[in-house]
Amino acid sequence: MNTINEENLATVERATLGGGCFWCLEAVYQQIIGVSAVISGYAGGPRANPDYESVCTGTTGHAEIVDIYFDASVITYRDLLEVLFVIHDPTTLNYQGNDHGTQYRSVIFTHSEAQNKTAHEVVRELVDAKIYSNPIVTEIADAPVIYPAEDYHQDYFRQHPGQGYCMAVVAPKLAKFRAKFRSLLAVGFQ
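Within each chain, residue numbers correspond to sequence positions counted from 1 in written order. At least 70 in pLDDT is required for a residue's local features to be given in this predicted model, at least 80 for side-chain atom pairs to be given and counted, and no such filter applies to totals for whole chains, interfaces and linings, which use all residues. In computing side-chain values, all of the structure's heavy atoms are included and hydrogens and water are not.

1. So, the overall build of the protein
Our working rule: Under the DSSP-based scheme used, a helix requires at least four consecutive residues in state H or I and a strand at least two consecutive residues in state E, with every element numbered from the N terminus. Atoms considered for the radius of gyration are the C-alpha atoms alone. The globule rule reads 2.2 Å times the number of residues to the power 0.38. Only protein chains enter the area calculation, which uses a 1.4 Å probe; residues under 20% of their type maximum are buried, those over 50% are exposed, and those in between are partly exposed. Two residues form a contact once any of their heavy atoms are found within 4.5 Å. Calculation of accessible area relied on Shrake-Rupley with a 1.4 Å probe; when residues are assessed, cover is drawn exclusively from the protein chains displayed. By the counting rule applied here, Lys and Arg register as positive and Asp and Glu as negative, while His and the ends of each chain are not counted. To locate a charge, the coordinates of NZ of Lys, CZ of Arg, CG of Asp or CD of Glu are taken.
Check the secondary structure of the protein and you find six helices and eight strands. Put simply, the protein runs from its N terminus to its C terminus through helices and strands in the order β-α-β-α-β-α-β-β-β-α-β-β-α-α. By the compact-globule yardstick of 16 Å for 190 residues, the protein fits well, its C-alpha radius of gyration being 15 Å. Across the 190 residues that make up the protein, the buried fraction comes to 48%. Across the protein, contacts joining residues at least 24 apart in sequence account for 78% of those joining residues at least 6 apart. Carbon together with sulfur atoms contributes 54% to the accessible area of the protein, which is approximately 9000 Å² in total. Computing the positive centroid from 13 side-chain charges and the negative centroid from 22, the protein places the two 8 Å apart.

2. Structural notes on the packing of helix 1 (residues 22-29) against helix 6 (residues 164-180)
For clarity, the cut-off: Angles run from 0 to 180 degrees between N-to-C directions of axes, and those axes are lines fitted to C-alpha atoms, restricted for helices to the stretch in contact. In these notes the angle categories are as follows: under 35 degrees is roughly parallel, over 145 is roughly antiparallel, 65 to 115 is roughly perpendicular, and the rest is oblique. Rotating anticlockwise by less than a right angle from the far helix to the near helix defines a left-handed crossing, while the corresponding clockwise rotation defines a right-handed one. In the scheme used here, Gly and all other residues not listed as nonpolar or charged are polar, with Ala, Val, Leu, Ile, Met, Phe, Trp, Tyr, Cys and Pro taken as nonpolar and Asp, Glu, Lys and Arg as charged.
At their nearest, the axes of helix 1 and helix 6 sit 9 Å apart, and the two run at 40° to each other. Between helix 1 and helix 6, the interaxial angle falls into the category oblique. Helix 6 is crossed by helix 1, and the crossing has right-handed handedness. The segment helix 1 lies against helix 6, with Trp23, Cys24, Ala27 and Val28 engaging Tyr165, Val169, Val170, Lys173, Leu174 and Phe177. Taken together, the residues of the contact of helix 1 with helix 6 break down into nine nonpolar, no polar and one charged.

3. Concerning the side chain of His62
Heads up, the condition is: Definition of a polar contact: a pair of N or O atoms within 3.5 Å, with one able to donate and the other able to accept a hydrogen when the atoms are protein atoms, and with sequence-neighbouring residues admitted only if both atoms are side-chain atoms.
By the element assignment, His62 lies in the loop between helix 2 (52-56) and strand 3 (63-71). A distance of 3.0 Å separates polar atoms of two side chains, one belonging to His62 and the other to Thr60. Each residue touching His62, except ones within four places of it in the same chain, is listed here: Tyr42, Ala43, Gly44, Gly45, Pro46, Arg47, Pro50, Val55, Thr102, Gln103, Arg105 and Tyr147.

4. Describing the sheet that holds strand 7 (residues 139-142)
What counts here: Two strands are said to pair when DSSP picks up at least two bridges between them.
Taken in spatial order, the six strands make up an open sheet running 7-6-1-3-2-8, and their pairing is mixed. Looking at strand neighbours, the two that pair on one side only are strand 7 and strand 8 (146-148), the edges of this open sheet. Direction aside, the axes of adjacent strands within the sheet are offset by 35° on average. Summarising the sheet, strand 1 (residues 12-19) and strand 3 pair through six bridges and their orientation is antiparallel. Residue pairing for strand 3: Leu17 is matched across the bridge by Val66.

5. Some details on the nonpolar core
The criterion, for reference: To form a nonpolar core, buried Ala, Val, Leu, Ile, Met, Phe, Trp, Tyr and Cys residues must be joined to one another through side-chain atoms within 4.5 Å.
Tyr29, Ile32, Ile68, Leu80, Val83 and Phe177 are the most contacted members of the largest nonpolar core, which has 45 residues in total. Contributions of two or more residues to this core are made by strand 1, helix 1, strand 2 (35-43), strand 3, helix 3 (77-87), helix 4 (113-128), helix 5 (156-159) and helix 6. Take this core: its biggest share by element is eight residues, from helix 3. Among residues more than four places away in sequence, those in contact with Leu80 are Ala15, Leu17, Tyr29, Ile32, Val35, Ile68, Phe70 and Ile75. Within the second largest apolar cluster, six residues are counted, among which are Ala43, Ala63, Phe109 and Ile146.

6. Here's the deal with unusual backbone geometry
One non-glycine residue, Lys130, lies in the positive phi region at around 55°. Despite not being glycine, Asp155 has its phi angle at roughly 60°, a positive value.

7. Points about the pairing of strand 6 (residues 106-110)
Selection rule: Classification remark: right-handed applies to a crossover when, strands pointing away from the viewer, the course from the first strand over the helix to the second runs clockwise.
Extensive coverage of strand 6 is indicated by the burial of five of its five residues. What you see with strand 6 is no split at all: Ser106, Ile108 and Thr110 on one side and Val107 and Phe109 on the other are buried throughout. Judged from the four bridges that link them, strand 1 and strand 6 form a sheet pairing that is antiparallel. Each bridged residue has a counterpart across the sheet, and for Gly19 the counterpart in strand 6 is Ser106. The parallel pair strand 6 and strand 7, bridged by helix 4, forms a crossover whose chirality is right-handed.

Fair warning: the whole summary comes from geometry, so function is off the table for now.
Set out below in structure tokens:
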């Protein structure tokens, strides 16, 4: 799943999203039609080449993110954002569930003015619809340098479905996504 098909390069776009542990987001976005690659990583801090141990301290300024490459002729950026706002809580500052620290913040790193506009529109629509009882604290910022996480973090849920965190946290988020967004499931995940 973490490869980009040469045939669709003309319509490939990139989305960089954070909303808690990257293992959760990666497992969800890997199952979406039109997504050709999902790479777990770190973004948003000043330190070059951060590693997992330093990011986990919460002192590097980086967020755990997923870098998503998708075919915009198959799935829209807006669709990817709508999924994000269902699978995490955008009203909790610097934490999701038991994961606490700035590295788990809700963030959308945009790669174009169009993405920035869409991200602000989606947040405004959620606020206007009063979907959440608390204010949305999702950060929207231009994409900084993005650093891929270590190899052992890539494709984590698929490789470790029986691991405790995967069973207790990732699997329920995946089930929630699949129940709400059946029409977005790629072949093989339906």
